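Single-letter residue listing:
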Amino acid sequence: MTRLQDGLRTLAEQAPRATLPADFFDLARARHRARRARAAATATVAVVVVLLVVGIGWAVRPAGPASTAAGTTAPGIPTTLTPPPWYTAAVEVAAIGPVAAIFGGAATTDDWNEGRFGAVAAAGNRYRVFDDAVYTPPGFEALLSPDGRYIARNHQVRSLVSGERIPVPGEIRAFSPDGALVVYETGNGEPRQSRVGVYDLARRTDVASLDLGDRWLVPGWSAALSGDHRRLALQVGDELRLYTVGRDTPDATIRLSSETLAGPGAWLPGGTAVATAHRDADDRWRLVVRDARTGLPADAATPADPAPPAATGARYVRLLGWRADGTAVAITGVPRPGAGPAQLVWDHAWGPFTDHGSARARLVALRPGATAQQVLLETPDGISELDVAADLALAGAFRDGTGPTDYGALRHPVVFVSAAAASVAAAVLLAVVLGRRRAHRRR
C-alpha cells in the first residue's frame, strides 16, 4: 500500500499543472446572469401573454344591460358637455343606459374615426361613442328618442338599455312625443316614388302609409306626429301638409315662404295646432302657430296670451316640444363667423343631411312673455350637432356635468390592442438584445 501511494504521488508531481483562463470566473458569472435574464424574460413574456388574453377577453365580452346604480345622480341633461377622448369606449362594448344627449362635430371626429360621435348618460357622467364608417350627424340623421332610451339611425332603432335592434323600412325622420312610433320615408324606382310610413316599434308594423309620388320630404325635420298619434305634419318641398293618420289626402296644405316645419315637437298639446318656424332678418326665428284644420295662423298673441320670443342668432330652429305654461324648448345652431343663411328648402333628398354653417349648438327655452330666449345649454367649440332627450328638456331636468367621468376606457379594445402591441414589441426587442449578447460572448 505504501508503494502504491508513493507511485501515485510521483505521477502527480510529474503531471503538468492545470492553468485556468484569467477570466474563467468572470465568464462563469456572466453565463449565470444570462441564464437568469433568459428565465426572467421567458416568465415576463408568459405573464404578459396571460394578462393580454384575459384582458382582451374581458374587454370585448358582450356588454350586458345597463342600469342606474342606487345613489347615483338623478337623471338630467348635463349643463357641460365634454368632447370624448380617443380612448372612450364604444356603446357596443360598454353599455351606457338611457342617454341625455348625443352630439358630434369636429371635436368627435378625426382622420381615423370619420363616423364618430358622442353620447352622455342621463344618470351620470358616463360617456360613450358611436363609431361607424359613415357619419350620421346627431340631431339630423341620428335621432334620440324623447325618453333617451332609443337611438334611430341607419334604418333601425336601437335600444341603449338592452342593445335590441329594430329594423325600420326607411330613413327615420322623427319619433312620436312618447317614443312609441317613428315616421320614416322610403323611395324606389325612376322617377323617384316616395312613401312615408308611420311605424309602431312595439308591434313591428306600419300603422299608416302615404304615397307622395315623385315628391319627397325636405331632408331633416320634415315630419311631426301629435301626442295622441292622430295627426301628422309633413313638409314636402315648400309645402306643409297636415294629415289625419290613416287618410291619404291632407286636411290642409300650406305654402311656406321663409318658413319650415318647426321640428318633431311642432304639434301643440291636443293636436289642434302646429308650429312653423319663420326666419326674419338677422337670423331671428319666430314660431308661427297654425290651426290644424285650416292651416291659417292662429292669432293667439294677446296681452293675456303672449307669443314666445324669437330665437336669435340661429342658423336653424328644431322644436322639441312644449311645456305646460306654453314655453317652447328647441335646439338652435350658432352660426360660424361669415356663414350665410341656411337653406330652407332643399332641391334634392341626397344625404347626409347636416348644417355645415354652425359652430356650436344651443338648447333654448322660448317662454311666452319673455323679452329674450333663455339658453339652457350651449356646446363647446367643435360640437356643432346636438340632440337631447326631449322629456328631460321639457321637465327642466338638468344636472352638473363636471366631476369624475367614466369613459369606459378599461373596456375599450383599442386600449388593449395598443397595450398588446407594445408588450409584444418589448418582448421581441428583449429577445433580440439577449440573442445578440449571447452570440457576442460565443464569438
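Residues numbered from 1 in each chain as written. Predicted model: local features only at pLDDT ≥ 70, side-chain atom pairs only at ≥ 80, totals over all residues. Heavy atoms only, no water.

1. Things to note about the overall build of the chain
Now for step 1: Tallying secondary structure elements over the chain gives four helices and 25 strands in all.
Now for step 2: Excluding contacts between residues fewer than 6 apart, the proportion of contacts in the chain whose partners are at least 24 apart in sequence is 57%.
Now for step 3: Carbon together with sulfur atoms contributes 57% to the accessible area of the chain, which is approximately 22300 Å² in total. (Helix = DSSP H or I, 4+ residues; strand = E, 2+ residues; numbered from the N terminus. Contact = heavy atoms within 4.5 Å. Areas by Shrake-Rupley, 256 points an atom, 1.4 Å probe, with all protein chains shown as cover.)

2. Things to note about the sheet that holds strand β13 (residues 223-225)
Now for step 1: Taken together, the four strands give an open sheet; going across it, the order is β13-β14-β15-β16, and neighbouring strands pair in antiparallel fashion. If you trace the sheet from one side to the other, it starts and ends with β13 and β16 (252-255), each paired once. Adjacent strand axes in the sheet meet at a mean angle of 15 degrees, parallel and antiparallel pairs treated alike.
Now for step 2: Pairing of strand β15 (residues 239-244) with β16, which is carried by four bridges, proceeds in the antiparallel orientation. Considered in β16, the bridge of Arg241 is made with Thr253. (Pairing = 2+ DSSP bridges. Axes fitted to C-alpha atoms, helices over the stretch in contact; angles between N-to-C directions.)

3. What to know about the sheet that holds strand β17 (residues 259-261)
Now for step 1: Taken in spatial order, the three strands make up an open sheet running β17-β18-β19, and their pairing is antiparallel. Of all the strands in the sheet, just β17 and β19 (285-291) have a single pairing partner and so form its edges. Each neighbouring strand pair of the sheet contributes to a mean axis angle of 35 degrees, computed without reference to strand direction.
Now for step 2: Here β17 runs beside strand β18 (residues 273-279); their pairing, made up of three bridges, is antiparallel. Residue pairing for β18: Leu261 is matched across the bridge by Thr276.

4. Details of the environment of Thr244
Now for step 1: Note on placement: Thr244 falls in strand β15.
Now for step 2: Distance in space between the C-alpha atoms of Thr244 and Ala233 is 8.9 Å, their sequence separation being eleven residues.
Now for step 3: Discounting chain neighbours no more than four positions away, the residues touching Thr244 are Arg230, Arg231 and Asp251.

5. Re the side chain of Thr332
Now for step 1: Checked against the element boundaries, Thr332 lands in strand β21 (residues 328-335).
Now for step 2: Among the residues examined, Thr332 registers a relative accessible area of 0% and is labelled buried. (Buried < 20%, exposed > 50% of the residue type's maximum accessible area, 1.4 Å probe, protein only.)

6. Looking at the nonpolar core
Now for step 1: Grouped together as the largest cluster of nonpolar side chains are 42 residues, with contacts concentrated most on Ile77, Ile102, Leu320, Leu363, Leu386 and Val388.
Now for step 2: With five residues, the single largest contributor to this core is strand β2 (residues 99-104).
Now for step 3: Once residues within four sequence positions are removed from consideration, Leu363 is found in contact with Ile77, Leu320, Val329, Ala330, Ile331, Gln374, Val375, Leu376, Leu377, Val388, Ala393 and Phe398.
Now for step 4: Trp267, Val274, Ala275 and Trp285 belong to the second-largest nonpolar core, a separate cluster that totals 27 residues. (Core = buried A, V, L, I, M, F, W, Y, C linked by side-chain atoms within 4.5 Å.)

7. Considerations on the packing of aromatic side chains
Now for step 1: Overall, the coordinates contain nine aromatic pairs when judged by the stated rule.
Now for step 2: Judged by centre distance (5.0 Å) and plane angle (20 degrees), the rings of Phe117 and Phe130 are stacked. Of the two residues, Phe117 is situated in strand β3 (residues 115-121) and Phe130 in strand β4 (residues 127-132); the sequence distance between them amounts to 13 residues. Exposure class is identical for Phe117 and Phe130. Each is buried.
Now for step 3: Ring pairs connect the aromatic residues Trp86, Tyr87, Phe103, Tyr127 and Tyr407, which therefore count as one cluster. (Phe/Tyr/Trp six-rings, centres within 6.5 Å; stacked < 30°, edge-to-face > 60°.)

8. Looking at a nonpolar patch on the surface
Now for step 1: Nonpolar side chains collect at one region of the surface, where Leu4, Leu8 and Leu11 lie side by side and expose about 320 Å² of accessible area between them.
Now for step 2: Tracing the backbone through its elements, the reader meets Leu4 in helix α1 (residues 2-14).
Now for step 3: A relative accessible area of 53% places Leu4 in the exposed class. (Patch = residues over 30% accessible without salt bridge, like charges linked within 9 Å, V, L, I, M, F, W, Y side chains within 5 Å. Salt bridge = Lys/Arg side-chain N within 4 Å of Asp/Glu carboxyl O.)

9. Focus on the environment of Asp206
Now for step 1: For Asp206, the location among the structural elements is in strand β12 (residues 205-213).
Now for step 2: The exposure class assigned to Asp206 is partly exposed, which follows from its relative accessible area of 30%.
Now for step 3: For the pair Asp206 and Val183, spaced 23 residues apart in sequence, the C-alpha to C-alpha distance is 9.6 Å.
Now for step 4: If sequence neighbours within four positions are ignored, Asp206 has contacts with Tyr184, Arg195, Val198 and Tyr199.

10. A few points about the pattern of salt bridges
Now for step 1: Taken as a whole and assessed by the stated rule, the structure comprises 20 salt bridges.
Now for step 2: The shortest N-O distance in the salt bridge between Arg158 and Glu92 comes to 3.2 Å. Separated by 66 residues along the polypeptide, Arg158 in strand β7 (residues 156-159) and Glu92 in the loop between β1 (77-78) and β2 bring together distant segments of the chain.
Now for step 3: As a salt-bridge pair, Arg362 and Glu378 come within 2.9 Å of each other at their nearest N and O atoms. Taken together, the residues Arg362 in strand β22 (residues 358-366) and Glu378 in strand β23 (residues 374-378) connect sequence positions 16 residues apart.
Now for step 4: Its relative accessible area of 31% is what places Glu378 among the partly exposed residues.
Now for step 5: Connected via shared salt-bridge partners are Asp238, Glu239, Arg241 and Arg255.

11. Describing the side chain of Ser176
Now for step 1: Positionally, Ser176 belongs in the loop between β9 (171-175) and β10 (181-188).
Now for step 2: Sequence-distant contacts of Ser176, that is, excluding residues within four places in its chain, are made with Pro146, Leu181, Leu225 and His229.

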